[in-house]
Amino acid sequence: MADREQPYDPYIPSGQNAGRSQGQGQDGNHRTAALQAEIDSTVGIMRDNINKVSERGARLDSLQDKTDNLAVSAQGFRRGANRVRKQMWWKDMKMRMCLIVGIIILLVVIIVPSVIATKHH
């Protein structure tokens, strides 16, 4: 059994002789286990990071959709506001024209009879 060559282990430095004692073998196993635990921890952290990045991407997509919908709504609101503004401008113009015509008619009703009355005298 002592003649048998140990399998290659990348975590054990290559300078150690093949005929090491049992205590050194356990030390190597502890080191290997510690390195494996550290690797497993790192892999877990990376998986969490990947999950967080994919969730962030989903949130960004949702935010992009909401932004697009808001832009479309804003454009529709702008068109509606311009239409209402033009309608109110025309309504205001019609009211002003009606007032001007009413004042002219009132002046004609007042001035024409007085001018006619002064010409007959």
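Source: prediction; values computed, not measured.

A.B. asks: Give a detailed account of the overall build of the chain, specifying residues and quantitative values.
C.D. replies: The number of helices and strands found in the chain is one helix and zero strands. When the 121 residues of the chain are sorted by exposure, 3% land in the buried category. Entry remark: accessible area of the chain is about 11300 Å², with carbon and sulfur atoms responsible for 62%.

A.B. asks: Please provide a residue-by-residue account of the pattern of salt bridges, values included.
C.D. replies: Oppositely charged side chains can form a pair if their charged atoms are brought close together. Scanning the model with the defined rule gives one salt bridge in all. Across the salt bridge formed by arginine 96 and aspartate 92, the nearest N and O atoms sit 3.4 Å from each other. Remark: aspartate 92 and arginine 96 occur in helix α1 (residues 22-120); sequence separation between them is four residues, near one turn of the helix. Among the residues examined, arginine 96 registers a relative accessible area of 47% and is labelled partly exposed.

A.B. asks: Give a description of the packing of aromatic side chains that names residues and reports values.
C.D. replies: Counted under the stated rule, the structure contains one aromatic pair. Aromatic side chains tryptophan 89 and tryptophan 90 sit 4.9 Å apart centroid to centroid with 80° between the ring planes, which places their arrangement in the edge-to-face category.

A.B. asks: Report on the UniProt feature "transmembrane region" (unreviewed entry) in the chain, specifying residues and quantitative values.
C.D. replies: Under the feature "transmembrane region" (unreviewed entry), the UniProt entry names residues 95-116. Taken end to end, residues 95-116 comprises 100% helix and 0% strand; its first and last C-alpha atoms sit 31 Å apart.

A.B. asks: Could you give me a rundown of a nonpolar patch on the surface, with the residues and numbers involved?
C.D. replies: On the surface, Val101, Ile103, Ile105, Leu106, Leu107, Val109, Ile110, Ile111 and Val115 cluster together into a nonpolar patch covering about 810 Å² of accessible area. Within the secondary structure, isoleucine 103 sits in helix α1.

A.B. asks: Mind laying out the environment of glutamine 36, listing which residues take part and the relevant values?
C.D. replies: Relative to the helices and strands, glutamine 36 is located in helix α1. Once the C-alpha coordinates of glutamine 36 and tyrosine 11 are considered, the two residues, 25 residues apart in sequence, prove to be 9.6 Å apart.

Rules used throughout
- Residues numbered from 1 in each chain as written.
- Predicted model: local features only at pLDDT ≥ 70, side-chain atom pairs only at ≥ 80, totals over all residues.
- Heavy atoms only, no water.
- Helix = DSSP H or I, 4+ residues; strand = E, 2+ residues; numbered from the N terminus.
- Buried < 20%, exposed > 50% of the residue type's maximum accessible area, 1.4 Å probe, protein only.
- Areas by Shrake-Rupley, 256 points an atom, 1.4 Å probe, with all protein chains shown as cover.
- Salt bridge = Lys/Arg side-chain N within 4 Å of Asp/Glu carboxyl O.
- Phe/Tyr/Trp six-rings, centres within 6.5 Å; stacked < 30°, edge-to-face > 60°.
- UniProt positions renumbered as here; feature names shortened; annotations may be inferred.
- Patch = residues over 30% accessible without salt bridge, like charges linked within 9 Å, V, L, I, M, F, W, Y side chains within 5 Å.

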